[in-house]
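Summary of structural features
The residues making up each chain are set out below.
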Amino acid sequence: MQVKIDLTGRVALVTGGSRGIGHAIARSLAGVGAQVAILGRDSAKAQEVAHALANGAARGYGCDVRDAAQVESTVGAVERDFGHIDVVVNNAGTTRDNLLFRIGEDDWDMVIDTNLKGAFLVTKHAARGMIKRRWGRIVNITSVVGISGNKGQANYSASKAGLIGFTKAVSKELSSRNVLVNAVAPGFIDTELTRSIGEAARNALIEAIPLGRLGQGSDVAAAVLFLASDFASYITGQVLVVDGGLVL
Ligand code: NDP
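What comes next is a walk through the structure. (Residues numbered from 1 in each chain as written. Predicted model: local features only at pLDDT ≥ 70, side-chain atom pairs only at ≥ 80, totals over all residues. Heavy atoms only, no water.)

1. Topic: the nonpolar core
How we decide: We define the nonpolar core as a collection of buried residues of types Ala, Val, Leu, Ile, Met, Phe, Trp, Tyr and Cys that are connected through side-chain atoms lying within 4.5 Å of one another. A simple rule labels every residue: compare its accessible area, found with a 1.4 Å probe on the protein chains alone, to the largest value its type can have, and call it buried under 20%, exposed over 50%, or partly exposed in between. Secondary structure counts use DSSP, requiring at least four H or I residues in a row for a helix and at least two E residues in a row for a strand, with both numbered from the N terminus. Only heavy atoms matter for contacts: two residues are in contact if any of them lie within 4.5 Å across the pair.
Grouped together as the largest cluster of nonpolar side chains are 34 residues, with contacts concentrated most on Ile-25, Leu-29, Val-36, Ile-38, Val-89, Ile-141 and Val-184. The biggest single contributor to this core is helix 9 (residues 217–228), with 7 residues. Discounting residues that sit within four places of it in the chain, Val-36 has contacts with Ala-12, Val-14, Ala-26, Leu-29, Ala-30, Leu-53, Ala-57, Ala-58, Arg-59 and Phe-82. The next biggest cluster of nonpolar side chains, apart from the first, holds 28 residues, and it includes Cys-63, Val-65, Val-122 and Val-170.

See below:
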């Protein structure tokens, strides 16, 4: 028996799809036939990345997920351009790392608004169409630090733990309409977000990972593809950890 994920006919919206993990997710979704809408603050970059995707059926949109009006109008534009939205991947995220006493209010707000409020706004606007169509998949990209916490990341850990609570609550609200809501919790993935880590700390990290390597965007994308596919049609409210065994 050949088992193959096929999302032909599905429309996926990926926030922060212009680089890093989001880009790998967008590429993978397009690779299995989905039409993909890529959102990022840098509109030109989102469009450039969309044009380069395999199936030529992607579009890029400039949208700051912290801004309710921008999210509402962008979700509307995606629905007009593609007809509907089947899959949402809330991936846009940022860090402003510091020890507790050094975290300024701006850095707290920036992280919570991007990572948590952004997912709330996109989900709220995109889920309406899914409910009407009785089919939807929402995948929130959280982090292992939302489960375990991390020194110097109180703001980031709080945003990612919040996203797990949000995932579980919304999964309960939307399950009767066949809209499934899950989270993927990556460990350390090799992207711009983690490239600033010094070499010594990076090597120590790799030693602590049972599988002996940092993750790649494609490792996270594979989990998202599974949760967006018909193979996951009896799974909701879950957190799938993709971390090479780091947090057990
Ligand atoms: P990157 O910094 O490489 O990419 C972040 C993406 O999010 C960019 O496309 C960026 O585009 C977009 N973005 C940032 N802020 C906003 C905003 N306000 N509105 C819209 N888009 C925004 O990050 P990663 O790829 O490493 O991370 C992706 C997700 O995975 C994040 O949620 C992160 O927390 C999570 N994660 C990452 C891990 C890692 O090790 N890298 C580990 C665990 C979780 P633009 O700048 O144009 O807006």
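2. What to know about the site of the ligand
Here is the rule: Each residue is tested against the molecule or strand, and it is near if at least one of its non-hydrogen atoms lies within 4 Å. Here a polar contact means two N or O atoms within 3.5 Å. Within protein one must be a hydrogen donor candidate and the other an acceptor candidate, and residues neighboring in sequence count only if both atoms are side-chain atoms. Here, Shrake-Rupley sampling with a 1.4 Å probe gives the accessible areas, and only protein chains in the shown set may cover a residue. Grid spacing is 1 Å over the protein atoms alone, the probe is 1.4 Å, and a cavity is where that probe fits but cannot get out, while a pocket is an open set with protein on both sides within 12 Å along at least five of seven lines and lining residues have an atom within 4 Å of a point. Cavity and pocket membership follows a simple rule, namely that a molecule belongs there if more than half of its atoms are within 2 Å of the grid points. Side-chain classes are defined by residue name, with Ala, Val, Leu, Ile, Met, Phe, Trp, Tyr, Cys and Pro counting as nonpolar, Asp, Glu, Lys and Arg as charged, and the others, Gly among them, as polar.
Arg-41, Asn-91, Tyr-156, Ile-189 and Thr-191 are the nearest of the 28 residues found near the ligand. In the environment of the ligand, an oxygen atom lies 2.7 Å from a nitrogen or oxygen atom belonging to the side chain of Arg-41. A distance of 2.8 Å separates an oxygen atom of the ligand from a polar atom in the backbone of Ile-189. The protein chains hide 96% of the 890 Å² of surface that the ligand would expose on its own. In a pocket analysis with a 2 Å cut-off to the grid points, the ligand is assigned to the largest pocket. Of all elements in the fold, only helix 1 (20–31), helix 6 (154–174) and helix 7 (192–195) reach the threshold of two or more residues within the shell around the ligand. Of the residues contributing to the shell around the ligand, the split by class is 10 nonpolar, 12 polar and 6 charged.

3. A few points about the packing of aromatic side chains
Definition in use: When the centres of two rings from Phe, Tyr and Trp lie within 6.5 Å, Trp using its six-membered ring, the rings pair. Their planes under 30 degrees apart give stacked, over 60 give edge-to-face, and anything left gives tilted. Here, over-ring charges are defined by two tests on the NZ atom of lysine or the CZ atom of arginine: distance to the ring centre within 6 Å, and angle to the ring normal within 35 degrees.
Summed over the entire model, instances satisfying the criterion amount to 0 aromatic pairs. Arg-10 extends its terminal NZ or CZ atom over the ring of Trp-135, reaching a point 3.5 Å from the ring centre.

4. Some thoughts on empty space enclosed by the protein
Rules: Grid points are joined across faces, edges and corners, and a volume is the space filled by probe spheres set on the points.
For the structure on display, the rule yields 2 cavities of 30 Å³ or more. Counted as a void, the largest cavity has a volume near 50 Å³. Lining the largest cavity we find Thr-15, Val-65, Asn-90, Asn-91, Ala-92, Thr-114, Asn-115, Gly-118 and Ala-119. If you tally residues by element for the lining of the largest cavity, the top one is helix 4 (residues 105–133), at 4 residues. Among the residues making up the lining of the largest cavity, the classes are represented as 3 nonpolar, 6 polar and no charged. One number sums up the size of the second largest cavity: a volume of about 40 Å³. Around the second largest cavity, the lining residues are Phe-188, Ile-189, Thr-194, Ile-197, Arg-202, Leu-205 and Leu-214.

5. Regarding the layout of surface pockets
Over the atoms, a rolled probe matching the size of one water molecule traces out where space is still vacant. Empty space within the largest pocket amounts to approximately 1,100 Å³. If you go around the largest pocket, you meet 46 residues; those closest to its centre are Gly-93, Thr-94, Thr-95, Thr-191 and Leu-193. If one sorts the elements of the lining of the largest pocket by residue count, helix 7 sits on top with 4 residues. Of the residues that constitute the lining of the largest pocket, the class distribution is 17 nonpolar, 18 polar and 11 charged. Looking at the second largest pocket, its volume works out to about 150 Å³. Lining the second largest pocket we find Phe-120, Thr-123, Lys-124, Ala-127, Arg-128, Ile-131, Phe-166, Val-170, Glu-173 and Leu-174. Mapped onto the lining of the second largest pocket, the elements with two or more residues apiece are helix 4 and helix 6. When residues of the lining of the second largest pocket are assigned to their parent elements, the largest contribution, 6 residues, is made by helix 4.

6. A closer look at the environment of Phe-231
Tracing the backbone shows Phe-231 in the loop between helix 9 and strand 7 (239–242). For Phe-231, a relative accessible area of 44% gives the class partly exposed. Between the alpha carbons of Phe-231 and Ile-5 there is a distance of 7.9 Å; along the sequence they are 226 residues apart. Those residues in contact with Phe-231 that lie beyond four places of it in its chain are Val-3, Lys-4, Ile-5 and Phe-226.

7. Overview of the side chain of Asp-243
Cut-off, in case you're wondering: Residues scored as charged are limited to Lys and Arg (positive) and Asp and Glu (negative), so that His and the chain ends carry no count. Note on definitions: salt bridges are taken to be side-chain nitrogens of Lys or Arg within 4 Å of carboxyl oxygens of Asp or Glu.
Within the secondary structure, Asp-243 is located in the segment after strand 7. In this structure, Asp-243 is buried with no salt-bridge partner, the nearest side chain bearing the opposite charge being Arg-213 at 11 Å.

8. Regarding the sheet that holds strand 2 (residues 35–40)
Note: strands within a sheet are paired through backbone hydrogen bonds, in either parallel or antiparallel orientation. Rule in force here: For two strands to be treated as a pair, DSSP must find at least two bridges joining them. In this description, a line fitted to the C-alpha atoms serves as the axis of each element, helices being fitted only across the stretch in contact, and the angle between N-to-C directions of two axes falls anywhere from 0 to 180 degrees.
The 7 strands lie next to each other as 3-2-1-4-5-6-7, forming an open sheet whose pairing is parallel. Pairing within the sheet leaves two strands with one partner each, and these edge strands are strand 3 (58–62) and strand 7. Taken over all neighbouring pairs, the strand axes of this sheet differ in orientation by 20° on average, direction set aside. Bridge count between strand 4 (residues 87–90) and strand 5 (residues 136–141): 4 bridges; the pairing is parallel. Within the sheet, the bridge partner assigned to Asn-90 lies in strand 5 and is Asn-140.

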